[in-house]
Amino acid sequence: MEFLKLQNLTAAYDQEIVLKKMNLEVKQGELLSLLGSSGCGKTTTLRIVSGFLKQREGSVFLEGKEISKTHPSERGFGYVFQNYALFPHLNVEDNVGFGLKQRKVGRGEINIKVAEMLELVDLTVFAGKRPLELSGGQRQRVALARAMAISPRLLLMDEPLSNLDAALRVKMRIEIRRIQQDHNITALYVTHDQEECFSISDRVAVMNEGLIEQLGTPEEIYSSPATSFVARFVGFENFIHGTLEYSGKKLQVATEKSGVRIQINECSIPEQSSVVVALRPDGLELRASESKKKGVPGKVKVATYLGKGYRHLVDTELGELIADTKDELFTAHTNVIVIPKSDSMILLSRNND
């Protein structure tokens, strides 16, 4: 049986629908992330699960029991907020022990649990400090320790790393993952950051306009996005429309704009279907126009340096394409040949576009 189940959740702010009959199941001990841009409904989902927001329709089940009408304080969930929500007048020790105190836990037991949590997040020496005396990363760890001190049945995290600098985000996501795995904590994690999400999650639900577009492991979503929306979200920037057809024994896509044909390795989409060929920038090879290789002629409009290579915006008869190279720079106004790499492309049905 699933640990957490969301069934047909619909939610709205005034007349604006933000969740549309959403369904999701979370397994015991897994960290599942809700990934999406602002306004897609991921934080709304978290607030409904926590009990801070009432859904318009649908139900929330925990271990088979409906908790839709259970008060937030009775659900036993830990919540890590985006802005940490620490009490500025309390020191670290009292912040971490706050939830236990609210639950009328004895002082001796609180002291033991707080000490355990502070050691877990490596903040023991900061027990007497107040939040304003701590760095952003330290405050984030206090918030995590406070959420975990109550031994939550479910840990909810809403963009917990968004206020940290890039280097600290990398460090903290490793720490969160370590703690979650070591203690077999079931967690629901909200983020808009693809890299953060993939590095920390067992499974990912990509959300768009109140619906889950795709649910799967980070590897599945990154390598095999199911829709154009998901593909864009995970780094595919070139989308070429056409019709799938066979020429002899070769599978190819006849493009809409110019009749250019792109060779495809294999797929399960029926012949004559309208399709989209999706490629990341490193899925296009660039060659000088004098090259004898077959490809799509184009002219470089803009070239930029990425640190690990170069990115080129190329004007072609298929439209503008974005191509990366590792070592070779093709300057603006250079004529080139663009060659799609068959082993780097994915094929999407236009029905899922």
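As the structure is a prediction and not an experimental result, all values here were calculated from the model.

How would you summarise the overall build of the protein if you had to cite specific residues and measurements?
Of regular secondary structure, the protein possesses nine helices and 20 strands. Counting only residues that meet the buried cut, the protein has 49% of its 353 residues in that class. Restricting the contact set of the protein to residue pairs at least 6 apart, pairs at least 24 apart contribute 66%. Of the roughly 17700 Å² that the protein leaves accessible, carbon and sulfur atoms contribute 47%.

Just give me the short version of the nonpolar core, but keep the residues and values in it.
Counting 35 residues, the largest nonpolar core has Val 96, Leu 144, Met 148, Leu 155 and Met 157 as its most contacted members. Elements with a minimum of two residues in this core: α3 (92-102), α4 (107-120), α5 (136-149), β7 (154-158), α6 (166-182) and β8 (187-191). For this core, the leading source of residues is α5, giving seven residues. Residues in contact with Val 96, not counting those within four places in the same chain, are Val 114, Met 117, Leu 118, Val 142, Ala 145, Arg 146 and Ala 149. In terms of nonpolar packing, the next biggest core, distinct from the first, is built from 28 residues, Val 49, Val 60, Tyr 79 and Ala 205 among them.

Please provide a residue-by-residue account of empty space enclosed by the protein, values included.
For the coordinates displayed, the defined rule picks out one cavity of 30 Å³ or more. By volume, the largest cavity amounts to about 30 Å³. Lining the largest cavity are Leu 144, Met 148, Leu 155, Met 157, Ile 176, Ile 179, Gln 180 and Ile 185. Within the residue set of the lining of the largest cavity, elements represented by two or more residues are α5, β7 and α6. At three residues, the largest contribution of residues to the lining of the largest cavity is made by α6. Taken together, the residues that form the lining of the largest cavity break down as seven nonpolar, one polar and no charged.

An account of the packing of aromatic side chains is needed here, citing residue identities and associated values.
Applying the stated criterion across every chain yields a total of six aromatic pairs. Taking 6.3 Å as the distance between ring centres and 85° as the angle between the ring planes, the aromatic pair formed by Phe 198 and Tyr 222 counts as edge-to-face. Placement of the pair is Phe 198 in helix α7 (residues 194-200) and Tyr 222 in helix α8 (residues 218-223), with a sequence separation of 24 residues. We classify Phe 198 as buried; its relative accessible area is 16%. Judged by its relative accessible area of 38%, Tyr 222 falls in the partly exposed class. With a centroid separation of 5.4 Å and an interplanar angle of 45°, the aromatic rings of Tyr 305 and Tyr 310 are classed as tilted. On the accessibility criterion, Tyr 305 (58% relative accessible area) is exposed. An aromatic cluster is built from Phe 52, Tyr 79 and Phe 81, whose rings are joined through pairwise contacts. The ring of Tyr 222 is capped by Arg 280, whose NZ or CZ atom sits 3.8 Å from the centre of that ring.

So what's going on with the environment of Glu 195? Residues and values would help.
Relative to the helices and strands, Glu 195 is located in helix α7. For the pair Glu 195 and Val 234, spaced 39 residues apart in the sequence, the C-alpha separation amounts to 9.0 Å. Reaching out from Glu 195, the side chain makes a polar contact with the side chain of Arg 173 at a distance of 3.0 Å.

I'd like a rundown of α6, residues and numbers included.
Taking 1.5 Å of rise per residue, 17 residues should cover 24 Å, and α6 covers 25 Å from first to last C-alpha, within 8% of that figure. Considering only its buried residues, α6 is in contact with β3 (31-35), α4, α5, β7, β8 and α7. One side-chain oxygen of the residue at the start of α6 lies 3.3 Å from the amide nitrogen of Ala 167, identifying that residue as Asp 165. Asn 184, located one to two residues past α6, shows a positive phi value of around 50°.

Can you break down the side chain of Glu 159 residue by residue, with the values?
Its place among the elements puts Glu 159 in the loop between β7 and α6. Leave out the neighbours within four places in its chain, and Glu 159 touches Lys 42, Gln 82, Val 190, Thr 191 and His 192.

Hey, could you go over the pairing of strand β18 (residues 319-325) for me, with residue numbers and the actual values?
Most of β18 is tucked away, with six of its seven residues classed as buried. Here strand β17 (residues 310-316) folds back onto β18 in antiparallel fashion, the turn holding two residues.

Cut-offs used in this document
- Residues numbered from 1 in each chain as written.
- Predicted model: local features only at pLDDT ≥ 70, side-chain atom pairs only at ≥ 80, totals over all residues.
- Heavy atoms only, no water.
- Helix = DSSP H or I, 4+ residues; strand = E, 2+ residues; numbered from the N terminus.
- Buried < 20%, exposed > 50% of the residue type's maximum accessible area, 1.4 Å probe, protein only.
- Contact = heavy atoms within 4.5 Å.
- Areas by Shrake-Rupley, 256 points an atom, 1.4 Å probe, with all protein chains shown as cover.
- Core = buried A, V, L, I, M, F, W, Y, C linked by side-chain atoms within 4.5 Å.
- 1 Å grid on protein atoms, 1.4 Å probe; cavity = no way out; pocket = protein on both sides within 12 Å on 5 of 7 lines; lining within 4 Å.
- Points joined across faces, edges and corners; volume = space filled by probe spheres on them.
- Nonpolar A, V, L, I, M, F, W, Y, C, P; charged D, E, K, R; others polar.
- Phe/Tyr/Trp six-rings, centres within 6.5 Å; stacked < 30°, edge-to-face > 60°.
- Lys NZ or Arg CZ within 6 Å of the ring centre and 35° of its normal.
- Polar contact = N/O pair within 3.5 Å; in protein donor to acceptor, adjacent residues only side chain to side chain.
- Expected span 1.5 Å × (residues − 1).
- Pairing = 2+ DSSP bridges.

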